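Residue-level structural notes
If you want the building blocks of each chain, they are given just below.
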Amino acid sequence: LAAGLDKDATLFNELEYVGFGFVEIGTVTPVGQPGNPQPRLFRLPEDNALINRMGFNNHGVEAAVERLKNRKTKIIIGGNIGKNKVTPNEDAPSDYLACFDALYPCVDYFVVNVSSPNTPNLRDLQEKGPLTALLNQLMDRNRTTAKPKPLLLKIAPDLTEGQLDDIVDIVAETKIDGVIASNTTIAREPLTTSKAQVAEIGMGGLSGAPVKEKSTSVIKHLHSKSNGSFPIIGVGGIASAEDAKKEMQNLNASN
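Residues numbered from 1 in each chain as written. Predicted model: local features only at pLDDT ≥ 70, side-chain atom pairs only at ≥ 80, totals over all residues. Heavy atoms only, no water.

Quick look at the overall build of the protein now. Per the secondary structure count, the protein includes eight helices and nine strands. Taking 18 Å as the expected radius of gyration for a compact globule of 255 residues, we find that the protein reaches 17 Å, a close match to that expectation. Oriented by its inertia axes, the alpha-carbon framework of the protein measures out at about 50 × 45 × 40 Å. Taken over 255 residues, the protein has a buried fraction of 51%. Pairs at least 24 residues apart make up 73% of the contacts formed inside the protein by residues separated by at least 6 positions. Here the protein contributes 27 positive and 30 negative side-chain charges, whose respective centroids are spaced 3 Å apart. (Helix = DSSP H or I, 4+ residues; strand = E, 2+ residues; numbered from the N terminus. Rg over C-alpha atoms; globule rule 2.2 N^0.38 Å. Buried < 20%, exposed > 50% of the residue type's maximum accessible area, 1.4 Å probe, protein only. Contact = heavy atoms within 4.5 Å. Lys, Arg positive; Asp, Glu negative; His and termini not counted. Charge placed at Lys NZ, Arg CZ, Asp CG, Glu CD.)

Okay, structure coming up:
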């Protein structure tokens, strides 16, 4: 289960019984924050889609840690970490490191979220310089632990091919364990919902069926450019087992 549903680690025990192989909690930030003003979640039934601008609403990493201490399941749990809205980008590494340190005893892997469109300027952290610096600091901290845990990067589906090529280089340079592709998109095509209705909804990240093609394209590009040198977790528009099988077929076809 991708991040964004069990934001505060309140449902992970129950979600095992739904059939998920692993649950990614978060995105969590060092300090709790209310997120963006409501309404901030909008359904597009004709497109099997959602638009959200939640804005990393969560109770803070320490609250998540307290709930994870009551873990009753052996399900794999990932910790999706981000920065607080009020933290400037130049200070972002301290927020990510704080979340890493707090969650380390409680989760099985980490996801670095720099790709949500709903926190101002967050996506600027996907640029090669700041992203390399951030990931190097997290990997350095990870290596100091008794048992380093997998660290993955979650990226946007709106990156250019040049930016995706940079991601491949960054993975090789920082030695992170993989990439999650992808987050929600700021694009609004193709949609059946009227342009007027979409315009009325306004800003936010689009998820669901319409993001599937963009996400698949990103996965194929990363897989091809990297010669399959790192794992990619596919997220976006996967609504059934058949959808998941098709993603695997796409990867095999690109070899």
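Attention now moves to the packing of aromatic side chains. Inspection of the entire model under this criterion finds three aromatic pairs. Ring geometry for Phe100 versus Tyr104: centroids 6.0 Å apart, planes at 40°, classification tilted. Residues Phe100 and Tyr104 agree in their burial class; the two are buried. Members of the aromatic cluster, each reached through a chain of ring pairs, are Phe100, Tyr104 and Phe110. Its guanidinium or amino end placed over the ring of Tyr104, Lys149 lies 4.3 Å from that ring's centre, counting from NZ or CZ. (Phe/Tyr/Trp six-rings, centres within 6.5 Å; stacked < 30°, edge-to-face > 60°. Lys NZ or Arg CZ within 6 Å of the ring centre and 35° of its normal.)

Turning our attention to the nonpolar core. Counting residues in each nonpolar core, the largest one holds 52 residues, and the members touching the most others are Tyr96, Ile155 and Leu222. Tallying contributions element by element places helix H3 (residues 92–103) first for this core, with seven residues. If sequence neighbours within four positions are ignored, Tyr96 has contacts with Ile81, Gly82, Lys83, Val112, Asn113, Val114, Leu122, Leu125, Leu134 and Leu138. Grouped together as the second largest cluster of nonpolar side chains are eight residues, Leu44, Leu191, Val198 and Ile201 included. (Core = buried A, V, L, I, M, F, W, Y, C linked by side-chain atoms within 4.5 Å.)

In this section: the sheet that holds strand S3 (residues 49–52). Reading across the sheet, the three strands line up as S2-S3-S8 and stay open at both edges, with antiparallel pairing between neighbours. Looking at which strands have only one partner, the edges of the open sheet turn out to be strand S2 (41–44) and strand S8 (205–208). Across the sheet, the mean angle separating the axes of adjacent strands is 25° when strand polarity is ignored. (Pairing = 2+ DSSP bridges. Axes fitted to C-alpha atoms, helices over the stretch in contact; angles between N-to-C directions.)

This paragraph deals with the pattern of salt bridges. Counted by the stated rule, this structure contains 10 salt bridges. Note that Glu66 is salt-bridged to Lys69, the shortest N-O span being 3.0 Å. Residue Glu66 is classed as partly exposed on the basis of its relative accessible area of 45%. According to the relative accessible area criterion, Lys69 is exposed, its value standing at 56%. In this structure, the salt-bridge partner of Asp140 is Arg143, at a minimum N-O distance of 3.1 Å. With Asp140 and Arg143 both in helix H4 (residues 128–143), this residue pair falls three residues apart, about one helical turn. Judged by relative accessible area, which is 45%, Asp140 ranks as partly exposed. On the accessibility criterion, Arg143 (45% relative accessible area) is partly exposed. Shared partners join several salt bridges into a network, and the residues in it are Arg123, Asp158 and Lys214. (Salt bridge = Lys/Arg side-chain N within 4 Å of Asp/Glu carboxyl O.)

Compared with an ideal rise of 1.5 Å per residue, which puts 16 residues at 22 Å, H4 spans 22 Å between its outermost C-alpha atoms and is within 8% of the ideal. Looking at the buried positions of H4, the neighbouring elements they touch are strand S4 (76–81), H3, strand S5 (109–113), strand S6 (151–155) and helix H5 (161–174). (Expected span 1.5 Å × (residues − 1).)

In this section: the pairing of S5. Side-chain direction in a regular strand flips from residue to residue, so the side chains alternate between the two faces of the sheet. Counted residue by residue, S5 has five buried out of five residues, so it is predominantly covered. Relative to S5, S4 runs parallel, the two being bridged by four bridges. Paired with Gly78 across the strands is Tyr109, a residue of S5. Considered for its hand, the β-α-β crossover made up of S4, H3 and S5 is right-handed. Direction of pairing for S5 relative to S6: parallel, over a ladder of four bridges. Directly across from Val112, in S6, lies its bridge partner Leu153. At this point the chain moves from S5, through H4, to the parallel S6, and the crossover so formed is right-handed. (Right-handed = clockwise from strand over helix to strand, strands pointing away.)

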